[in-house]
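# Examination of the molecular architecture
One-letter residues, chain by chain:
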Amino acid sequence: MGGYQRNQQGGQTGGQQGGRLNNQNSHGSHGEKDTTGRRIPPKRDWTRSTEQPTENMPHQKPLPYERQAGSSAAIPLHESPAQRRERMQKEEELAKAAEEVRKQRYYMQQKRDRQKQKEAEAAKLAQEVYIPEVINVANLARLLGVRIETLMKTMEELEMENTSHDRMLNAEESSLIALQLDMNPVVDSKQALDLFPRPIPEDTSALPLRPPVVTIMGHVDHGKTTLLDTLRQTSVAAGEAGGITQHIGAFSVTLPSKKQITFLDTPGHAAFSSMRARGAQVTDIIVLVVAADDGVMPQTQEAIQHAQNAGVPLVVAINKCDKPGVDVSKIKQELIRYNVHLEEIGGEVPCVEVSGLTGLNLDQLEETISTLSEVLELRAEHEAPAEGVVIESQMEKGRGNVATVLVKSGVLKVGSVVVAGQTWCKIRSMTDHTGKAVKEATPGTPVKTIAKSVVDNRIARLERDRQLLDLDVINSKRRTQREQLEQERLAEKEYKKEMYLYQRGLWDKVPDSLNKRLSEIQLAREENAEETGPERLELKAIVKGDVSGTVEAVVDSLAGLQNKLIRVKVIHKGVGNITEGDIQLAAACEGHVLGFNVKADKKIQADAGRCGVTVRSYSIIYKLLEDVKDRLSDMLPPIITTQVVGEASILQVFDISTKGRETKPVAGCRVTNGSISRNGKVRIVRDKDTIWEGELDQLRQVKKDITEAKKGLECGMSFEGFTEFKEGDVIQSIQTLETKQHL
């Protein structure tokens, strides 16, 4: 122990002396010089760590676990194994602590970098880019402030097929590209200016009741209008052309119970599908009229579908029940097939058996409608601006534009400014269905009635929608033009290359001229266009009608009269009588003028005759459609068929002398089927392939000319411009037939 203490004390003393010696050396090293006068460099202290902070870096604070200069003694020269293990353990702990701190600093730096990146991305995303409805790729790149190559690469990432600079993009595609580039697209926010219906109040129990809107629907000629005539004690069906309704009629009926019901009478003809759908969307209750002697017909099924799509309750009225021999139970069973379950069999749809002519059970029908309306609790606001639906619009002589409006909520007054679709107006007067003038219209009341930036936006939106429909056509044409230019550029490049080789003697053949190559490309392009199919024929038409609903129905029906070869193209449609402008437009486009329930005066007809324009007026829609279908059939090319009327086999070929010393081959034949005419066309068939087709030069029996050779007759034949026939060939007499095509 004493020796160890002495050694320890000696070590401490030596360490203190060594420390003093080091301090002396460090102080004296700055000014000591050798014998030659050169400055002696300072000696390094190998006990000092090079990673420790120095006086030159005061901002870095030393860590508590790091070894400080002079704070620990130098490594002893003679240390025990225990001391060595303890020292190594401490060094390992210090190294682990240093590594842990280094990792923490690294993770903190990464976190700060990610935060900065997110902030930068958020700032970039917050940048709003206003995008129009239609724009091409080059302009979009300029708008987004990116290179067009970057934009094309983004389009490829989004799997867009055509990435050319002149491709037209719609708003959805442009917005998708902008989002991919971390930008916030805004599609023409100015166009958001519009009028929208007010939200329905949450509590409608305090609102006043309104009359129910009941739509009469069903198949054509099932007695819908006659049923309504009996209800309101008037005669409308007698005034309808052909006895069928061809527009929507709206009127109010006061029942004996002093309750009021608003009825809408929709047409039943197949051409008026859109009008029936519009009636189903604005109604509260649908009365489905089914004739007991006819059953469920196509328009009956369509009316059921409209009611189910609109979610409107249904009431079935089986009409013509007073006719002898009708089976009402069969109609009820047939309705089950179309998911119409009547109350009699446990369903929810009420059914009433009525007669429109005699008025049978009409009071029961009225009671059913009233009861159903009470269950629905139809209420609407009165103290609010009016909202409604335009049922129809028309031109009336002496009154101008007249619209049939059904008020849904609020009160419509004379002098109010209304906006409907793409137009606006100020109400000058209002009348009810009887023609009586009214000053205001409450909810559920139909009336006839005689807001600028909103309308402008709606018109601009409609024009953009039409542009969007043409985008595919524009892109396709531009792609075709680009391919054509590329082919011409390659042909020119190939021509220059071949001409260079020819001039250097490396090409033996004279190259084709550039004009010839371009002509071949143009010819191939035309052949390709012919293979894709012939251009569709068009019957151009100008449609005028008495009301907007019937004009819409006529245009939709004409659009269905088409096939791959022909179609009807409506150049212009409008409401009102046929005018001189319609005649001039038809003359300019070589079209026809079709009027429905409108007429053209004598002056207009005279102008049409001078311009060569056909003007037709109709009062029944199916006659209009039949006439147009006949015109389309006349425009179609006829179907050409070839019929074989006779056959003959060549038994022997021999030569006969003609003028001078010339000889001419003649076919000795026997007619095997039918007959062969001298003036008819023939064709020669060899091994089931037609090798020639033309006319006969001569038809003889021995030396006598004949006009016809019948079955079993042997004769001689020669052909105009053809002498390469052989024994065994078959001669067929053919007849070409032209058959008119029908649409």
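About the thresholds
Residues numbered from 1 in each chain as written. Predicted model: local features only at pLDDT ≥ 70, side-chain atom pairs only at ≥ 80, totals over all residues. Heavy atoms only, no water. Helix = DSSP H or I, 4+ residues; strand = E, 2+ residues; numbered from the N terminus. Buried < 20%, exposed > 50% of the residue type's maximum accessible area, 1.4 Å probe, protein only. Areas by Shrake-Rupley, 256 points an atom, 1.4 Å probe, with all protein chains shown as cover. Pairing = 2+ DSSP bridges. Axes fitted to C-alpha atoms, helices over the stretch in contact; angles between N-to-C directions. Parallel < 35°, antiparallel > 145°, perpendicular 65-115°, else oblique. Left-handed = near helix turned anticlockwise from the far one by under 90°. Contact = heavy atoms within 4.5 Å. Nonpolar A, V, L, I, M, F, W, Y, C, P; charged D, E, K, R; others polar. Patch = residues over 30% accessible without salt bridge, like charges linked within 9 Å, V, L, I, M, F, W, Y side chains within 5 Å. Salt bridge = Lys/Arg side-chain N within 4 Å of Asp/Glu carboxyl O. pLDDT = per-residue confidence, 0-100. Right-handed = clockwise from strand over helix to strand, strands pointing away. Arc of directions from axis to C-beta. Phe/Tyr/Trp six-rings, centres within 6.5 Å; stacked < 30°, edge-to-face > 60°. Disulfide = S-S within 2.5 Å. Polar contact = N/O pair within 3.5 Å; in protein donor to acceptor, adjacent residues only side chain to side chain.

## A short note on the overall build of the chain
Looking only at helices and strands, the chain has 17 helices and 31 strands in total. By the burial criterion, 34% of the 743 residues in the chain qualify as buried. Of the roughly 46400 Å² of accessible surface on the chain, 50% is carried by carbon and sulfur atoms.

## Focus on the sheet that holds strand 17 (residues 437–438)
Across the sheet, which stays open at both edges, the 5 strands sit in the order 11-12-19-16-17 with antiparallel pairing between neighbours. Every other strand in the sheet has two partners, leaving strand 11 (387–396) and strand 17 as the edge strands with one partner each.

## Digging into the packing of helix 3 (residues 137–144) against helix 4 (residues 148–157)
Direction vectors running N to C along helix 3 and helix 4 enclose 110°, while the axes themselves pass 9 Å from each other. As the angle between them shows, helix 3 and helix 4 are arranged roughly perpendicular. With respect to the hand of their crossing, helix 3 and helix 4 are arranged in right-handed fashion. Here helix 3 contributes Val137, Ala138, Leu140, Ala141 and Leu144 to the contact with helix 4, which in turn contributes Ile148, Leu151 and Met155. Its residues assigned to classes, the contact of helix 3 with helix 4 comprises 8 nonpolar, no polar and no charged.

## Description of a nonpolar patch on the surface
Where nonpolar side chains cluster on the molecular surface, the patch consists of Tyr502, Trp507 and Val510 and spans about 270 Å² of accessible area. Of the residues examined, Val510 reaches a relative accessible area of 51% and is grouped as exposed.

## Let's talk about the sheet that holds strand 23 (residues 615–618)
The 4 strands lie next to each other as 21-20-22-23, forming an open sheet whose pairing is parallel. Either end of the sheet is taken by a strand with one partner, and the two such strands are strand 21 (566–575) and strand 23. Taken over all neighbouring pairs, the strand axes of this sheet differ in orientation by 25° on average, direction set aside. Of the strands in this sheet, strand 20 (537–545), strand 21, strand 22 (592–596) and strand 23 are in contact with helix 15 (residues 580–589), which crosses strand 20 at around 175°.

## Some words on the confidence of the model for the chain
Here the chain averages 79 in pLDDT, while 79% of its residues score no lower than 70. A low-confidence stretch, residues 1–30 (pLDDT under 50), is modelled with 4 contacts involving residues beyond four sequence positions or located in other chains. Throughout residues 234–246 the model reports pLDDT below 50, and contacts reaching past four residues in sequence, or to other chains, amount to 31 contacts.

## Section: the pairing of strand 20
Direction of pairing for strand 20 relative to strand 21: parallel, over a ladder of 9 bridges. Within the sheet, the bridge partner assigned to Glu538 lies in strand 21 and is Arg567. At this point the chain moves from strand 20, through helix 14 (residues 548–559), to the parallel strand 21, and the crossover so formed is right-handed. In terms of strand pairing, strand 20 meets strand 22 through 5 bridges, oriented parallel. Each residue of the ladder has a partner; that of Gly545, found in strand 22, is Phe596.

## Here's the deal with helix 4
Of all the residues in helix 4, the buried ones are Leu151, Thr154 and Met155. Seen from one end, helix 4 has its buried residues packed into an arc of 100°, which puts them on one side. Exposed residues pointing more than 90 degrees away from the buried face of helix 4 are listed as Lys153 and Glu156. Looking at the buried residues of helix 4, the elements they touch are helix 3, strand 3 (168–170) and helix 5 (171–180). Just beyond helix 4, the residue with positive phi is Glu159, at close to 60°.

## Regarding the environment of Thr225
Residue placement: Thr225 occurs in helix 6 (residues 224–232). For Thr225, a relative accessible area of 9% puts it in the buried group. Counting along the chain gives 42 residues from Thr225 to Pro267, while the straight-line C-alpha distance between them is 9.0 Å.

## Here we look at unusual backbone geometry
Glycine aside, residues mostly have negative phi angles, and peptide bonds mostly take the trans form. One non-glycine residue, Glu590, lies in positive phi territory at about 55°. Here Glu590 is to be found in the loop between helix 15 and strand 22. Unlike most non-glycine residues, Asp687 shows phi in positive territory, near 55°. Checked against the element boundaries, Asp687 lands in the loop between strand 26 (681–686) and strand 27 (689–701).

## Some words on the packing of aromatic side chains
Taken as a whole and judged by the stated rule, the model has 5 aromatic pairs. Between the aromatic rings of Phe719 and Phe725, the centroid separation amounts to 5.4 Å while the plane-to-plane angle is 70°, which identifies the pairing as edge-to-face. For Phe725, a relative accessible area of 5% corresponds to the buried category. An aromatic cluster of three or more residues is present, and its members are Trp692, Phe719, Phe722 and Phe725.

## Points about the pattern of salt bridges
All told, the structure shown has 25 salt bridges when counted by the stated rule. For Lys332, the salt bridge is made with Glu344, and the minimal N-O distance between the two is 2.7 Å. Placement of Lys332 in helix 9 (residues 328–336) and of Glu344 in the loop between helix 9 and strand 10 (351–353) is noted, with a sequence separation of 12 residues between them. Among the residues examined, Glu344 registers a relative accessible area of 53% and is labelled exposed. Two residues, Glu538 and Lys540, come together in a salt bridge whose shortest N-O distance is 3.8 Å. Overall, Lys540 belongs to the partly exposed group, its relative accessible area being 24%.

## Quick word on the environment of His382
Relative to the helices and strands, His382 resides in the loop between helix 10 (362–376) and strand 11. Not counting residues up to four positions away in its chain, the partners in contact with His382 are Pro208, Leu209, Gly410, Val411, Thr442 and Pro443.

## Digging into the state of the cysteines
Following the criterion strictly, the structure yields 0 disulfides and no others. Unpaired in this structure, Cys351 has its nearest cysteine sulfur neighbour in Cys321, at a distance of 7.9 Å.

## Points about the environment of Phe251
In this fold, Phe251 is placed in strand 6 (residues 249–254). In this structure Phe251 comes out as buried when scored by relative accessible area, which is 4%. For the pair formed by Phe251 and Asp265, sequence separation is 14 residues and the distance between their alpha carbons is 8.8 Å.

## Some points on the pairing of strand 9 (residues 314–319)
The buried count for strand 9 comes to 6 of 6 residues, which makes it a mostly enclosed element. In the sheet, strand 9 pairs with strand 10 via 3 bridges, with the strands oriented parallel. From the neighbouring strand, Ala317 faces strand 10, where its bridge partner is Val352.

## Examining the side chain of Asn319
Checked against the element boundaries, Asn319 lands in strand 9. With relative accessibility at 2%, the residue Asn319 sits in the buried group. A distance of 3.2 Å separates a polar side-chain atom of Asn319 from the backbone oxygen of His222. With residues up to four places along the chain from it excluded, the contact list for Asn319 reads His222, Gly223, Val289, Val290, Ala291, Ala292, Val354, Ser355 and Gly356.

## Regarding the side chain of Thr404
Relative to the helices and strands, Thr404 resides in strand 12 (residues 400–409). Of the residues examined, Thr404 reaches a relative accessible area of 13% and is grouped as buried.

## A look at helix 9
Residue pairs spaced three or four apart in an α-helix point in one direction, given the helix's 3.6 residues per turn. Taken together, the buried positions of helix 9 are occupied by Val328, Ile331, Lys332, Glu334 and Leu335. Angular distribution of buried residues about the axis of helix 9 spans 160°; they occupy a single face of the element. Along helix 9, the residues that are exposed and aim more than 90 degrees away from the buried face are Lys330 and Gln333. Looking at the packing, one finds that the buried side of helix 9 touches strand 8 (285–291), helix 8 (298–310), strand 9 and strand 10.

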